[in-house]
Amino acid sequence: MTTAARNAAAHAGPATAGAPPLPQARGPLSTAVRTALLRPPPPAALPGAGDAEPFGEDLQLALYLAYELHYRGFADVDEAWEWQPDLLRLRAALEDRFLGALREAVPGGADVAGELDALLAEPPDARGVGHHLKSRGTWGQLREYLAHRSLYQLKEADPQAWLIPRLTGQPKASLVAVEFDEFGAGHGDRTHARLFADAMAGAGLDPAYGRYLDPAPAETLATVNLMSLLGLHRSLRGATAGHFATLEITSSPGARRLARALERLGAEPRCVRFFTEHIEADAVHEQLMRRDVIGGFLAQEPEQAPAVVFGVQATGYLDARWSDRLLGAWAAGRPSLRLPLCDG
């Protein structure tokens, strides 16, 4: 490495490679964070969380901005912001409101097996976004679905990777096996994030990372923020395990419904491939997560059962809020996104 290259690495400055632009603010909290990020740290001042609505647009975007610094960051934002103490203090206050609201919203308990069994016991009259798209969804609604999900799917399995150093023995080995598949089993063109980008392009959407952050509503941001919140805190490792198990257990049947929806609407094969890949892979992952990761983890730390249950329930609660947002908008003949969906 040349001297110039070493100097550049030591003073990284703004994140640029693959980093999206900062989105527009949605209230005083996100305005304060956005304004700060456009300047070198430290900030002149940052507000407290106050009584901001924990599931509202402003708090969820402010939290998303803070978390995204741990992923690819934002264009023209100094990378030193990632661990800036003032921003971390605000993030902690936002997390407290979000986490507190989630704990109040779910019933809790310690019956891990019962919670996981319930994920597989789908009632005959089940309704959800996938069910709607499979049977009667329009092409426009399916494209909206892809735009919503892009906030997570373009970094699929990244938040859950923080769980790896917090496990030992077989739970760690089995989690790594799941993550290995998520990241393409050593093949960059087969990473699930890449397959989702291909699906977006096939649907005429822009597959650029973070492209649909501005149109995404708070309900979508919250589902991704939960992953970051749980993954970043060792104290929430049990909830992270429950959350990831929920994703893997529900993924295979959900992917099957989406694949059928795309086939019904005549989508390109690259649109369908992402979902068909998940039908078989996640059926295997379900067993690994339930038996080896959750089972092995609780054998080592049985006191973590309530945390695992919370992770399952919080994931389901936020997904239900997200589903209600989409289905409610579509039933009323309205778009489910905050802004018009532009073509790629």
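Along each chain, residues carry numbers from 1 onward, in the same order as the chain's sequence is written. Where totals are concerned, whole chains, interfaces and linings use all residues; where local detail is concerned, this predicted model gives features only for residues with pLDDT of at least 70, and gives and counts side-chain atom pairs only at 80 or more. Think of the side-chain values as coming from all heavy atoms in the structure, minus any hydrogens and water.

**Thoughts on the packing of aromatic side chains**
Any two rings among Phe, Tyr and Trp, with Trp reduced to its six-membered ring, count as a pair given centres within 6.5 Å; such a pair is stacked if its planes are under 30 degrees apart, edge-to-face if over 60, and tilted if neither. Using the criterion set out here, one finds six aromatic pairs in the structure. Where Phe 196 meets Phe 274, the ring centres are 5.0 Å apart and the plane angle is 80 degrees; that geometry is what we call edge-to-face. With a gap of 78 residues between them, Phe 196 in helix H9 (residues 192-202) and Phe 274 in helix H12 (residues 269-300) connect regions that are remote in the sequence. Like Phe 196, the residue Phe 274 is buried in the burial classification. Cluster of aromatic residues (ring-pair linked, three or more members): Phe 55, Phe 98 and Tyr 317. One cation-aromatic arrangement involves Arg 72 over Tyr 209; the distance from NZ or CZ to the ring centre is 4.0 Å. The criterion for a charge sitting over a ring is simple: Lys NZ or Arg CZ within 6 Å of the ring centre, and within 35 degrees of the ring normal. Sitting over the face of the ring of Trp 322, Arg 149 holds its NZ or CZ atom 3.7 Å from the ring centroid. In this description a helix means any DSSP run of H or I spanning at least four residues, a strand means any run of E spanning at least two, and both kinds are numbered starting from the N terminus. Per-residue accessibility, obtained with a 1.4 Å probe over protein chains only, is compared with the maximum for each type, and a residue is labelled buried under 20%, exposed over 50%, and partly exposed between these values.

**Things to note about the layout of surface pockets**
Here the largest pocket defines a volume of roughly 1400 Å³. Along the walls of the largest pocket sit 50 residues, with Arg 149, Thr 250, Ser 251, Arg 257 and Asp 319 positioned nearest its centre. Of all the elements in the fold, those that place two or more residues in the lining of the largest pocket are helix H5 (112-120), helix H6 (129-135), helix H7 (139-153), helix H10 (218-232), helix H11 (237-264), H12 and helix H13 (305-331). Here the lining of the largest pocket gets twelve residues from one element, more than from any other, and that element is H11. Amino acids outside the nonpolar list (Ala, Val, Leu, Ile, Met, Phe, Trp, Tyr, Cys, Pro) and the charged list (Asp, Glu, Lys, Arg) are all regarded as polar, and Gly is one of them. Partitioning the lining of the largest pocket into residue classes produces 24 nonpolar, 15 polar and eleven charged. For cavity detection a 1 Å grid was placed over the protein atoms alone, and a set of points counts as a cavity when a 1.4 Å probe fits there but cannot get out; an open set counts as a pocket when protein lies on both sides within 12 Å along at least five of seven lines, with lining residues being those that have an atom within 4 Å of a point. Grid points are joined across faces, edges and corners, and a volume is the space filled by probe spheres set on the points.

**Some thoughts on unusual backbone geometry**
A cis geometry characterises the amide bond from Pro 41 onward to Pro 42, with omega recorded as 0 degrees. Secondary-structure assignment places Pro 42 in the loop between helix H2 (28-37) and helix H3 (57-68). If you check the backbone angles, Asp 76 has positive phi at about 65 degrees while not being a glycine. Tracing the sequence through the fold places Asp 76 in the loop between H3 and strand E2 (77-78).

**Section: the environment of Val 293**
Tracing the backbone through its elements, the reader meets Val 293 in helix H12. Residue Val 293 is classed as buried on the basis of its relative accessible area, which comes to 1%. Counting along the chain gives 208 residues from Val 293 to Pro 85, while the straight-line C-alpha distance between them is 34 Å. Discounting chain neighbours no more than four positions away, the residues touching Val 293 are Leu 167, Pro 171, Ser 174, Leu 175 and Leu 288. Contact criterion: two residues are considered in contact whenever any of their non-hydrogen atoms come within 4.5 Å of each other.

**Comments concerning H9**
The buried fraction of H9 amounts to eight of the eleven residues, a majority that puts the element mostly inside the structure. When we look at burial in H9, the residues that qualify are His 192, Ala 193, Leu 195, Phe 196, Ala 197, Ala 199, Met 200 and Gly 202.

**Considerations on the packing of H7 against H11**
A pair of packed helices is captured by two measures, namely the crossing angle of their axes and the spacing between those axes. The convention used is that axes are lines fitted to C-alpha atoms, helices contributing only their stretch in contact, and that angles between N-to-C directions extend from 0 to 180 degrees. Running from amino to carboxyl end, H7 crosses H11 at an angle of 150 degrees, the nearest separation of the two axes being 12 Å. Judged on the interaxial angle alone, H11 and H7 are roughly antiparallel. For the pair H7 and H11, the crossing hand works out as left-handed. Counting all contacts with H7, which are made through Trp 139, Leu 142, Tyr 145 and Tyr 152, the residues of H11 involved are Leu 247, Leu 258, Ala 261 and Leu 262. For the contact of H7 with H11, the residue count by class is eight nonpolar, no polar and no charged. Comment on the angle field: the value is read as roughly parallel under 35 degrees, roughly antiparallel over 145, roughly perpendicular from 65 to 115, and oblique elsewhere. Should the near helix be turned anticlockwise from the far one by less than a right angle, the crossing is left-handed, and should it be turned clockwise, the crossing is right-handed.

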